[in-house]
Amino acid sequence: MTFTIGTLLAVSFVASLLAIAALIWAISSGQFDISQKDASVIFEQDPSTAINPEEEARLDPAWRRLLLTMFISATVWLVLGSIFGLIASFKMHLPDWLTNSAPLTFGRLRTMHLNSVIYGFLSVGGIGVAMWLGPVIFKTTLRWPKVAMSGAILWNLCVAVGVTAIAYGWTDGLEWLEIPWQIDIGLGIAGALMASSLLTTAARRKVEHIYVSNWYYMAALLWFPVLFIVANIPYLHVGSQQATVNWWFAHNVLGLWLTPLGLGAAYYFIPKIIGKPVYSYRLSLLGFWALALFYSQVGMHHLIGGPVPTWVVSLSVVQSVMMIVPVIAVAINQHVLSLSNFWAWKQSIPLRFIALGAIMYTLASLQGSIQAIRAFNTVVHFTHYTVGHAHLGAYAFVAWVLFGAIYYLLPRLTDRDWPSLTLISVHFWLVVVGFAIYFVSLSVGGWFQGMAMLDPARDFLDSMQLTIPYLTGRSVGGSLMTLGHLVFAYNLLAFFLSKPTRVPTSTSSAVSASTQ
């Protein structure tokens, strides 16, 4: 079988047909017969019970154990991934540091960092939030929690084995696809187990209308398996076709997996904490369907100038620019709500993480659309600028939303207060200031690096040497971010060692409770 770029596009076309089928179902089942009052479904209680939907997980031991397992393991991956990344960052300007061990070389540490954070912290934490949020919005309990627990344990084991394999040189050698395909089989099984639990819960929901958060979650559960299976078929993709599949997968993991996990959470927590619905509910669904329509081919702009057909890259550039549509939809909905209620930022620390993370999504997406334009891409491609851009989306957006969600959720799962609100504030400012230093250093340094590489009068070595001060700034920012993660982990440990206390969870006390 010969797998060509045309075949890849055919697969994408089939996926688009499935999306159209979902759209037809949504229209025929009345999901588009919406009004602004549908935005208030997250404030309603289940009419069949007096229990607040947010209380359900606390009362179901199997469901609660699943969520706690996922949040704790996600935190472990955050700490490990941060340490790997920080060491790799220092080695960019201190290349002779820690050179006596192969697992501590830059190439392996950087890859261990990437996989620990993407498949460990962000995926496990994001699925954990979805495992709580999906059933809460559907006004029901999570179905098959023990099946989901089996999937969560298997997923963590496979990530651990995969990262260890990378440390010792066993890798598939493709960015975002480094974990050996033999181990990826286990990840696929684990993902299927967790997805089956959520999709079964969706099928048995007690509400007719599907709130926008769950549209994002259910779509992600359908998109990611297609991406993961196609990209990991062994010995099928070669040459430039392999590069095309690689970036088709890598970019879509961010846009069709991590982005839905982040936006789904933000669309719930921002209005829920503030106590007001989103600005325009119709616009929120427009943003979802625009993401589904425009995102799938944007990764090819990483291959501008590469040995691939021009039309493939041109298609990617067009879709990248069209991503402005869903981004503006999200911006109008979430930012208007959060910034017009700035008082809530002062009262709710989780809201600070989540609302600021949502703003970072807007900035990252707009930056990505500009970066896809050929004239701009010519300067910043192959530079440190792209590393800053990737962290703006994956870290400042998704990770910050997860931090806020975990701070919000855990008191409601365990009847405990956070032992130190001061440490939560310290965590917030460490990661915000650290990331600002990190991002500015890489963006400015990357631009100068790109301009130097395009200057025929300058030696290539000059373009490397001029980045050293900016790489040092990257390490300073990364150190602050890592310190913030250690504060988060310490506070989490102290949280579980503290005595249970009662936390208010009614809608009327949403803001006061969310400061806990």
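Let me begin by describing the structure that accompanies this report.

## Describing the pattern of salt bridges
Inference 1: One pass over the full model with this rule turns up 1 salt bridge.
Inference 2: Here glutamate 175 and arginine 110 are joined by a salt bridge, their closest N and O atoms 2.9 Å apart. Linking glutamate 175 in the loop between α5 (145-167) and α6 (181-203) with arginine 110 in helix α4 (residues 106-138), this pair joins segments that are 65 residues apart in sequence.
Inference 3: The exposure class of glutamate 175 is partly exposed, given its relative accessible area of 26%.

## What about the nonpolar core?
Inference 1: By size, the foremost hydrophobic cluster in this structure holds 161 residues, and its most contacted members are Leu122, Met131, Trp132, Phe249, Phe269 and Trp400.
Inference 2: Broken down by element, this core gets its largest block of residues, 20 residues, from helix α8 (residues 239-274).
Inference 3: Those residues in contact with methionine 131 that sit more than four places away from it in its chain are Trp63, Leu66, Leu67, Met70, Leu142, Ala148, Met194, Ser197 and Leu198.

## Observations concerning the environment of proline 326
Inference 1: Here proline 326 lies in helix α11 (residues 324-339).
Inference 2: Residue classification places proline 326 among the buried residues on the basis of a relative accessible area of 1%.
Inference 3: Residue contacts for proline 326: discarding those within four places in its chain leaves Gly287, Ala290, Leu291 and Phe294.

## Some remarks on helix α7 (residues 212-232)
Inference 1: Here α7 is 21 residues long and its end C-alpha atoms lie 30 Å apart, about the 30 Å a rise of 1.5 Å per residue gives.
Inference 2: Summarising burial for α7: 17 of the 21 residues are buried, a large majority.

## Points about the side chain of glutamate 178
Inference 1: Its place among the elements puts glutamate 178 in the loop between α5 and α6.
Inference 2: If sequence neighbours within four positions are ignored, glutamate 178 has contacts with Thr111, Leu114, Asn115, Ile166, Thr171, Asp172 and Gly173.

## Details of the packing of aromatic side chains
Geometry of an aromatic ring pair is reported as the spacing of the ring centres plus the angle between the planes.
Inference 1: Under the criterion given, the structure shown has 37 aromatic pairs.
Inference 2: Pairing phenylalanine 353 with tyrosine 407 gives two aromatic rings, centres 5.6 Å apart and planes at 35 degrees, and the pair type is tilted. Here phenylalanine 353, found in helix α13 (residues 349-371), pairs with tyrosine 407, found in helix α15 (residues 385-414); they are 54 residues apart in sequence, far enough to count as distant.
Inference 3: Through a chain of ring-to-ring contacts, the aromatic side chains of Phe121, Phe353, Phe403, Tyr407, Trp418, Phe428, Trp429, Phe488, Phe495 and Phe496 assemble into a single cluster.
Inference 4: Positioned over the ring face of tyrosine 408 is arginine 412, at 3.8 Å from the centre of the ring.

## Focus: the packing of helix α3 (residues 61-93) against α4
A packed helix pair is summarised by two numbers, namely the angle formed by the two axes and the spacing between the axes.
Inference 1: Between α3 and α4, the least distance of the axes is 7 Å, while the angle of their chain directions is 155 degrees. Taken as axis vectors, α3 and α4 run roughly antiparallel relative to one another. Relative to α4, the crossing made by α3 is left-handed.
Inference 2: Class assignment for the residues of the contact of α3 with α4 results in 23 nonpolar, 8 polar and 2 charged.

Reading the values: the criteria
Residues numbered from 1 in each chain as written. Predicted model: local features only at pLDDT ≥ 70, side-chain atom pairs only at ≥ 80, totals over all residues. Heavy atoms only, no water. Salt bridge = Lys/Arg side-chain N within 4 Å of Asp/Glu carboxyl O. Helix = DSSP H or I, 4+ residues; strand = E, 2+ residues; numbered from the N terminus. Buried < 20%, exposed > 50% of the residue type's maximum accessible area, 1.4 Å probe, protein only. Core = buried A, V, L, I, M, F, W, Y, C linked by side-chain atoms within 4.5 Å. Contact = heavy atoms within 4.5 Å. Expected span 1.5 Å × (residues − 1). Phe/Tyr/Trp six-rings, centres within 6.5 Å; stacked < 30°, edge-to-face > 60°. Lys NZ or Arg CZ within 6 Å of the ring centre and 35° of its normal. Axes fitted to C-alpha atoms, helices over the stretch in contact; angles between N-to-C directions. Parallel < 35°, antiparallel > 145°, perpendicular 65-115°, else oblique. Left-handed = near helix turned anticlockwise from the far one by under 90°. Nonpolar A, V, L, I, M, F, W, Y, C, P; charged D, E, K, R; others polar.

Bear in mind that shape data such as this cannot, by itself, settle questions of function.
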